[in-house]
Amino acid sequence: MSAQTFSADVVVIGGCGHVGLPLAIVLAQRGASVVVYDVSEEAVKLVNRAVLPFDEPGAGPVLERVVADGRLRATTDPAAVGLAENVVVVIGTPVDEHLNPDPHAIPRALRAAAEHFRDGQLLVLRSTVYPGVTALVERLVAELGRDIDVAFCPERIAEGRAMVELHALPQIVASRTQRGQDRAGALFSRLTEDLVFVTPEEAELAKLFTNTWRYIKFATANQFYMMANDRGLDFERIRTAITHDYPRAADMPGAGFAAGPCLFKDTMQLAAFSNNNFALGHSAMLVNEGLPLYLVDRAEREYDLRNKTVGILGMAFKAGSDDIRSSLSYKLRRILEFKAGAVLCTDPKVTVDDRLLPLAEVIERSDVLIIGAPHEEYRSLVTDKPVIDVWNLLGNGVRV
Ligand SMILES: NC(=O)c1ccc[n+]([C@@H]2O[C@H](COP(=O)([O-])OP(=O)(O)OC[C@H]3O[C@@H](n4cnc5c(N)ncnc54)[C@H](O)[C@@H]3O)[C@@H](O)[C@H]2O)c1
């Protein structure tokens, strides 16, 4: 079946999400006609009104333009899957409460729309998947008896940088067949000429290794931080000494909450993939997830927390973001609700938590402040209250 029989170029399944929507917007910006298919009615309504359902710098004006030009529209109708030659899947792939990945999440979503797939399509998996999912999807397509090429092309943007990185990052492209590889390459050459071709299994591991590598690096810094801090030393002074004009250590991150919807869960996906024989990954998880407990323990040694009100500044999972998914500030809040007299929280970006208070009120009513997310808004914070700042946002050091 020729491409001319499709009314759109690309349909993005899960296209109202944090990575699906920026991709849909940029493909439309580059001239493609894009249909976003998503199960979230609320998000679909917003996108059709050219409103972003979440914050993504630079994406708003482009969304307005491509919606106004008729190059992007959103729908909750699964029949949209049959409208385009290229079908890109970017639904969420979280681990469950036991940290198990769900390799069937994507096949299940595709099965639900199975009747709408058509011969001649290219099906691109863009979510971060458990290794073997591409092969599962290839089998599903064969079962359906459809002549569809399958590719896995992992998304590697960081939230908050999508509109820069989608134009700048090389694209990893993987398909079992030459035709699939050529077609997926052609799709992503709309974004960049820098394409890296590997096999699907290599690409699946490439994505998990990327996130796990980052997670382990953060854990290393956090462990160093705790070691130094336990001896009354300021890790940031040590890190500055190490990294000063010393290229081999230039990428050593500072301490801080390593959280969010990707790094932890992808490290756990990799652990499950290696039958839980992943000492390094599990250790990284213990260190990173343990940092809020460590900070509270240190604070307890300094202050009688039971009689203190603690203010958490920043509830998003990282600086500049409005995304609270898997944010360690919430873990910190839960620990403090148990240990402290009272806990107050604030965040200039987060809009989905009605317990948040204005910054001035939190500062006024708190005895001790903790920076949970190092938003720029806090850099110029002026207060005589003690501030626990593992990020060194205020430049006063990171000792607790
Ligand atoms: N968030 C990131 O920074 C990031 C970066 C790179 C890769 N990824 C990966 O991208 C994938 C998506 O992550 P996200 O953060 O955008 O998730 P998200 O939850 O923000 O978006 C997923 C979207 O899919 C929709 N959806 C869920 N099931 C669906 C279905 N059956 N049919 C149609 N729509 C459906 C949801 O309504 C949501 O809008 C994950 O695999 C994630 O690991 C995320």
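Residues numbered from 1 in each chain as written. Predicted model: local features only at pLDDT ≥ 70, side-chain atom pairs only at ≥ 80, totals over all residues. Heavy atoms only, no water.

## Some details on the overall build of the chain
- For the chain, the count of helices and strands is 13 helices and twelve strands.
- The C-alpha radius of gyration computed for the chain amounts to 23 Å, which stays within 12% of the reference 21 Å derived for 400 residues, consistent with globular compactness.
- With the C-alpha coordinates of the chain rotated into their principal frame, the extents come out at 70 × 45 × 40 Å.
- The long-range fraction of contacts in the chain, counting pairs at least 24 apart against all pairs at least 6 apart in sequence, stands at 71%.
- With the model as given, the accessible surface of the chain reaches about 18,000 Å², and the carbon-plus-sulfur share is 52%. (Helix = DSSP H or I, 4+ residues; strand = E, 2+ residues; numbered from the N terminus. Rg over C-alpha atoms; globule rule 2.2 N^0.38 Å. Contact = heavy atoms within 4.5 Å. Areas by Shrake-Rupley, 256 points an atom, 1.4 Å probe, with all protein chains shown as cover.)

## Thoughts on the packing of aromatic side chains
- For the structure on display, the rule yields four aromatic pairs.
- A ring pair is formed by tyrosine 225 and tyrosine 294, whose centres lie 6.2 Å apart and whose planes are at 75°; its orientation type is edge-to-face. A residue pair is termed long-range when its members are at least 10 positions apart, and tyrosine 225 in helix H8 (residues 200–230) and tyrosine 294 in helix H11 (residues 279–302) qualify at 69 residues. For the pair tyrosine 225 and tyrosine 294, one class covers both residues: buried. (Phe/Tyr/Trp six-rings, centres within 6.5 Å; stacked < 30°, edge-to-face > 60°. Buried < 20%, exposed > 50% of the residue type's maximum accessible area, 1.4 Å probe, protein only.)

## Observations concerning the site of the ligand
- Taken together, 24 residues lie near the ligand, and His18, Asp38, Thr93, Glu159 and Lys265 sit nearest.
- In the environment of the ligand, an oxygen atom lies 2.6 Å from a nitrogen or oxygen atom belonging to the side chain of histidine 18.
- Relative to its unbound accessible area of 820 Å², the ligand is 83% covered by the protein chains.
- Residues of the shell around the ligand, tallied by class, amount to ten nonpolar, eight polar and six charged. (Near = heavy atom within 4 Å. Polar contact = N/O pair within 3.5 Å; in protein donor to acceptor, adjacent residues only side chain to side chain. Nonpolar A, V, L, I, M, F, W, Y, C, P; charged D, E, K, R; others polar.)

## Examining the pattern of salt bridges
- In this structure the tally under the stated criterion is 28 salt bridges.
- Linking arginine 71 and aspartate 69 is a salt bridge whose minimum nitrogen-to-oxygen distance equals 2.5 Å.
- Of the residues examined, arginine 71 reaches a relative accessible area of 23% and is grouped as partly exposed.
- In this structure, arginine 333 and glutamate 337 form a salt bridge, with 4.0 Å as the shortest nitrogen-oxygen distance. Taken as a pair, arginine 333 and glutamate 337 lie in helix H12 (residues 328–339) at a separation of four residues, close to a single helical turn. (Salt bridge = Lys/Arg side-chain N within 4 Å of Asp/Glu carboxyl O.)

## Considerations on the sheet that holds strand S9 (residues 309–313)
- On the basis of which strands lie adjacent, the open sheet formed by four strands has the order S10-S9-S11-S12 and parallel pairing. The open sheet has two free edges, formed respectively by strand S10 (342–346) and strand S12 (387–388), since each of these has just one partner strand.
- Of the pairings in the sheet, the one linking S9 to S10 comprises five bridges and is parallel in character. Across the sheet, the residue bridging to leucine 313 is threonine 346, located in S10.
- Seen against the sheet, H12 touches S9, S10 and strand S11 (368–371) and runs at an angle of roughly 175° to S9. (Pairing = 2+ DSSP bridges. Axes fitted to C-alpha atoms, helices over the stretch in contact; angles between N-to-C directions.)

## Thoughts on the state of the cysteines
- Across all of its chains, the model carries zero disulfides by this definition.
- Of the cysteine sulfurs around cysteine 153, a residue in no disulfide, the closest is that of cysteine 262, at 17 Å.
- The class of cysteine 153 is buried, set by a relative accessible area of 0%. (Disulfide = S-S within 2.5 Å.)

## Topic: the side chain of histidine 375
- Mapped onto the elements of the fold, histidine 375 is located in the loop between S11 and S12.
- Note on histidine 375: relative accessible area 0%, which makes it buried.
- In terms of polar contacts, histidine 375 uses its side chain to reach the side chain of aspartate 347, at 2.9 Å.
- In contact with histidine 375, other than residues within four places in its own chain, are Gly314, Ala316, Lys318, Ala319, Gly320, Ser321, Asp347, Pro348, Lys349 and Leu393.

## Considerations on helix H4 (residues 105–112)
- Among the residues of H4, those classed as buried are Ala105, Ile106, Pro107 and Leu110.
- Elements that come into contact with the buried residues of H4 comprise strand S1 (8–13), strand S4 (84–89), strand S5 (122–125) and helix H5 (133–144).

## Describing the sheet that holds S5
- Strands sit in the order S3-S2-S1-S4-S5-S6-S7-S8 across an open sheet of eight strands; the sheet is mixed. Each edge of the open sheet carries a strand with a single partner, namely strand S3 (72–75) and strand S8 (195–198). Pairwise comparison of adjacent strand axes, ignoring direction, gives a mean angle of 25° for this sheet.
- Here H4 sits on the sheet in contact with S1, S4 and S5, set at roughly 145° to S5.
- Packing against the sheet, H8 makes contact with strand S6 (149–152), strand S7 (171–175) and S8, and its axis sits at approximately 145° to S7.

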